[in-house]
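Geometric and topological summary
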Amino acid sequence: MENFSVKQEKKNTKTDHKWLYLAIASAISYGLYSFFQFVVLQKSKGLNTIALTINVALVEAILGIIIYFIFKNKHYAKYQKDAFTNYNKDISSLKKLKYLPYTILSACLNALGVISLLLGYVGAPNPGFSDAVSDAYIIPLAILSYFFYKVKMNGLQILGCILALLGTTILST
Amino acid sequence: MFWLIYAIISCLSFGVQDTLNYHLTTAGDYQFSTAALNTVIHSFIVIVLLIGLLTIYFFKPSKAINVIDSLKILATNPGILIFAILAGTAAMAGNILYFYSQQSAPNINPGVMTAISNGAIILSIVLPFIFYGKKITLKQIIGIIILFFSFIMLGDDKFKGFGKLFSKARKKEHKDRS
């Protein structure tokens, strides 16, 4: 009985860690994304950054559409799990009128965020300053999530976020 | 100081955008597949950016032509295109994993995951150092160390080793509560 509870506890801890491993994996992916963009800019100096942004969004949309058609095939439909759970059904639902204000607004805000960041580079004493201010979007996100969804941060997490902002500011300036 | 206003607009836009995405994948009535949300949003982003490009073309053709020329360079050079595709694929994986991380822990404030995913900057400094010999300054090393400490704090007592420093304090906190 004791063995069972120890095993159960281990299993629960493993599940508890999942979000952390996923967040670290996302950081690695974003890091690779930055690096590949760096390689593109090294290979073709003077390339317009808006063109690069359009290209990245286009690749993501095309890959997503390819995955949609792969899952349409009966043989592959069973692979719709984890982050891809109900992938095809959800794509159809997200295009419904009820969710369109969210998705269109999200897309417009993303475009506005990227373009204003690029415009910020122009006058900034160092492009990193503009990056550092833009990266502070943790603050509005944390505040809005707290007000609308009541998800709090503990003291250690608040301190961690402040340190993370300090670290990214030092690295980008 | 206009750069600061633009940077603040960018910060607020990303903050509100992430909150909307958090609503759709985690906090709303229905938890959408994070990959499906990424596909739909990026399809709309392409449309929004292309409409923006057409508008610029209408008012300031020279600026739009610069973007169009760059797109042509990307599309016609396989050596560059392959890395541009890899960049898009990595960005897609990053977004999906980031949303999925939020979805996996609905009781944790999404700002925590954002802070960890911002650690990407470490790789974007280390990889050019490895592959292109770009030097790493002392200031950058200090920044990387600070970021690592922030990850330990954000991961709470789940990191073995360093996390034990904090887990003692947590255990005491639990004891006090009980």
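Only a predicted model underlies this, so the values are computations on that prediction, with no experimental measurement involved. (Residues numbered from 1 in each chain as written. Chains lettered and ligands numbered in written order. Predicted model: local features only at pLDDT ≥ 70, side-chain atom pairs only at ≥ 80, totals over all residues. Heavy atoms only, no water.)

Points about the overall build of chain B
Secondary structure assignment for chain B yields eight helices and zero strands. Secondary structure elements of chain B, listed N to C terminal, follow the sequence α-α-α-α-α-α-α-α. Considering only residue pairs separated by 6 or more positions, chain B has 43% of its internal contacts joining residues 24 or more positions apart. Accessible surface computed for chain B: about 9000 Å², of which carbon and sulfur atoms make up 71%. (Helix = DSSP H or I, 4+ residues; strand = E, 2+ residues; numbered from the N terminus. Contact = heavy atoms within 4.5 Å. Areas by Shrake-Rupley, 256 points an atom, 1.4 Å probe, with all protein chains shown as cover.)

Some details on the overall build of chain A
When you go through chain A residue by residue, the secondary structure sums to eight helices and zero strands. For a compact globule of 173 residues, the expected C-alpha radius of gyration is about 16 Å, and chain A comes in at 21 Å, more than 25% above that figure. Principal-axis analysis of the C-alpha atoms places the extent of chain A at approximately 65 × 45 × 35 Å. Counting across all 173 residues of chain A, residues that qualify as buried make up 45%. (Rg over C-alpha atoms; globule rule 2.2 N^0.38 Å. Buried < 20%, exposed > 50% of the residue type's maximum accessible area, 1.4 Å probe, protein only.)

A word on the side chain of B:His42
Locating B:His42 in the fold gives a position in helix α2 (residues 34-59). Here the side chain of B:His42 touches B:Asn38 through a polar contact of 2.9 Å, landing on its backbone oxygen. (Polar contact = N/O pair within 3.5 Å; in protein donor to acceptor, adjacent residues only side chain to side chain.)

Considering a nonpolar patch on the surface
Side chains of A:Leu112, A:Ile115, A:Leu119, B:Phe2, B:Ile5, B:Tyr6 and B:Ile9 sit close together on the surface and give an oily, nonpolar patch of about 620 Å² of accessible area. For the nonpolar patch, the elements supplying multiple residues, two or more each, are α5 (100-123) of chain A together with α1 (2-27) of chain B. Here the element with the most residues in the nonpolar patch is α1(B); it accounts for four residues. With respect to the helices and strands, A:Leu119 occurs in helix α5. (Patch = residues over 30% accessible without salt bridge, like charges linked within 9 Å, V, L, I, M, F, W, Y side chains within 5 Å. Salt bridge = Lys/Arg side-chain N within 4 Å of Asp/Glu carboxyl O.)

Quick look at the interface of chain B and chain A
Counting from both sides, the interface comprises 113 residues of chain B and, opposite them, 113 residues of chain A. Where chain B meets chain A, there are zero salt bridges. Linking chain B with chain A are 27 residue pairs in polar contact (both at pLDDT 80 or more). Counting residues per element, the ones that place at least two in the side of chain B that touches chain A are α1, α2, α3 (61-76), α4 (78-104), α5 (110-117), α6 (120-132), α7 (138-154) and α8 (162-177) of chain B. Ranked by residue count, the leading element in the side of chain B that touches chain A is α1(B), at 22 residues. Classifying every residue of the side of chain B that touches chain A gives 71 nonpolar, 35 polar and seven charged. (Nonpolar A, V, L, I, M, F, W, Y, C, P; charged D, E, K, R; others polar.)

Observations concerning the confidence of the model for chain A
Confidence in the prediction for chain A averages 88 pLDDT; 91% of positions are at 70 or higher. The secondary structure element of chain A with the lowest average pLDDT is helix α1 (residues 2-43) of chain A, at 79, and the one with the highest is helix α4 (residues 87-94) of chain A, at 95. (pLDDT = per-residue confidence, 0-100.)

Things to note about the packing of helix α8 (residues 155-172) of chain A against α5(B)
The interhelical angle for the contact between α8(A) and α5(B), taken along N-to-C directions, is 35°, at an axis separation of 10 Å. α8(A) and α5(B) meet at a crossing whose hand is left-handed. Between α8(A), through A:Gln157, A:Cys161 and A:Ala164, and α5(B), the contact on the second element is made entirely by B:Gly111, B:Val112 and B:Ala115. Partitioning the contact of α8(A) with α5(B) into residue classes produces four nonpolar, two polar and no charged. (Axes fitted to C-alpha atoms, helices over the stretch in contact; angles between N-to-C directions. Left-handed = near helix turned anticlockwise from the far one by under 90°.)

Some details on α8(A)
In this model α8(A) runs 26 Å from its N-terminal to its C-terminal C-alpha over 18 residues, within 8% of the 26 Å that 1.5 Å per residue would give. Every buried residue belonging to α8(A) is among A:Gln157, A:Gly160, A:Cys161, A:Ala164, A:Leu165, A:Gly167, A:Thr168, A:Ile170, A:Leu171 and A:Ser172, and all of these are buried. In this structure, the buried side of α8(A) is in contact with α6 (127-135) and α7 (138-149) of chain A together with α5, α6 and α7 of chain B. The residue sitting at the N-terminus of α8(A) and contributing the capping side-chain oxygen is A:Asn154; that oxygen lies 3.1 Å from the backbone nitrogen of A:Leu156. (Expected span 1.5 Å × (residues − 1).)

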